Amino acid sequence: MERAIAEHRRAGQVQCDAHALSDAVLVASELTTNAILHGGGVTDFRVDVVGPGVRVSVSDRSDALPVTAPPVDEQGRRRVGGRGWPIVCRLARDVRVLDLPTGGKRITVVVPLS
């Protein structure tokens with residue numbers, strides 16, 4: 001992903017600061033981690049620079065929609081995990097979850113680079 005963004009930067013096609021690039025890498029990491037932990041594994045991963053942002057698409061084997069877990073369980077104890085999807089939704093724009101015809105889903109987001 002960083003290589004694709006760097007190529008677009010050199011060509012003058014996109015502006016990107018270090019914080020925006022970190023956000024894009026974090027979103028890609030969260031989506032792939034969630035696909036591995038909750039979606040039966042990554043079946044496809046794509047990154048494209050689109051206008052002033054980077055589009056990240058991750059497909060997995062699960063039909064289940066992403067959910068936000070409360071930070072504490074029923075007994076009031078702090079829960080491990082459950083923060084990835086809110087991070088994705090906060091940093092990304094145009095968040096889409098699509099069912100795939102062969103089963104599973106694709107999550108596509110655009111992370112602004114400026």
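Residues numbered from 1 in each chain as written. Predicted model: local features only at pLDDT ≥ 70, side-chain atom pairs only at ≥ 80, totals over all residues. Heavy atoms only, no water.

**Thoughts on a nonpolar patch on the surface**
Move 1: Side chains of Ile36, Leu37, Val42 and Phe45 sit close together on the surface and give an oily, nonpolar patch of about 380 Å² of accessible area.
Move 2: For the nonpolar patch, the secondary-structure elements that each account for two or more residues are helix H2 (18-38) and strand S1 (42-50).
Move 3: Take Phe45: it is sitting in strand S1. (Patch = residues over 30% accessible without salt bridge, like charges linked within 9 Å, V, L, I, M, F, W, Y side chains within 5 Å. Areas by Shrake-Rupley, 256 points an atom, 1.4 Å probe, with all protein chains shown as cover. Salt bridge = Lys/Arg side-chain N within 4 Å of Asp/Glu carboxyl O. Helix = DSSP H or I, 4+ residues; strand = E, 2+ residues; numbered from the N terminus.)

**Re the confidence of the model for the protein chain**
Move 1: Here the protein chain averages 86 in pLDDT, while 86% of its residues score no lower than 70.
Move 2: Averaged over each element, pLDDT in the protein chain is lowest for helix H1 (residues 2-10) (54) and highest for strand S4 (residues 105-112) (96). (pLDDT = per-residue confidence, 0-100.)

**Some thoughts on H2**
Move 1: In a regular helix each residue adds 1.5 Å, so 21 residues correspond to 30 Å; H2 covers 30 Å between its end C-alpha atoms and thus fits that length.
Move 2: Taken as a whole, H2 has its buried residues at Ala20, Leu21, Ala24, Val27, Ala28, Glu30, Leu31, Thr32 and Ala35.
Move 3: Where H2 terminates, the next one or two residues include Gly40, which has phi positive at roughly 80°. (Expected span 1.5 Å × (residues − 1). Buried < 20%, exposed > 50% of the residue type's maximum accessible area, 1.4 Å probe, protein only.)

**Focus: the pairing of strand S2 (residues 53-60)**
Move 1: Most of S2 sits out of view: seven of its eight residues are buried.
Move 2: Where S1 lies against S2, eight bridges are found, and the strand directions are antiparallel. Among the inter-strand pairings, Val47 is bridged to a residue of S2, identified as Val56.
Move 3: Linking two consecutive strands that pair antiparallel, namely S1 and S2, is a turn of two residues; a positive phi of about 55° is found at Gly51 within it.
Move 4: Taken together, the eight bridges between S2 and S4 define a ladder with antiparallel strand orientation. Bridge pairing in S4 links Asp60 to Lys105. (Pairing = 2+ DSSP bridges.)

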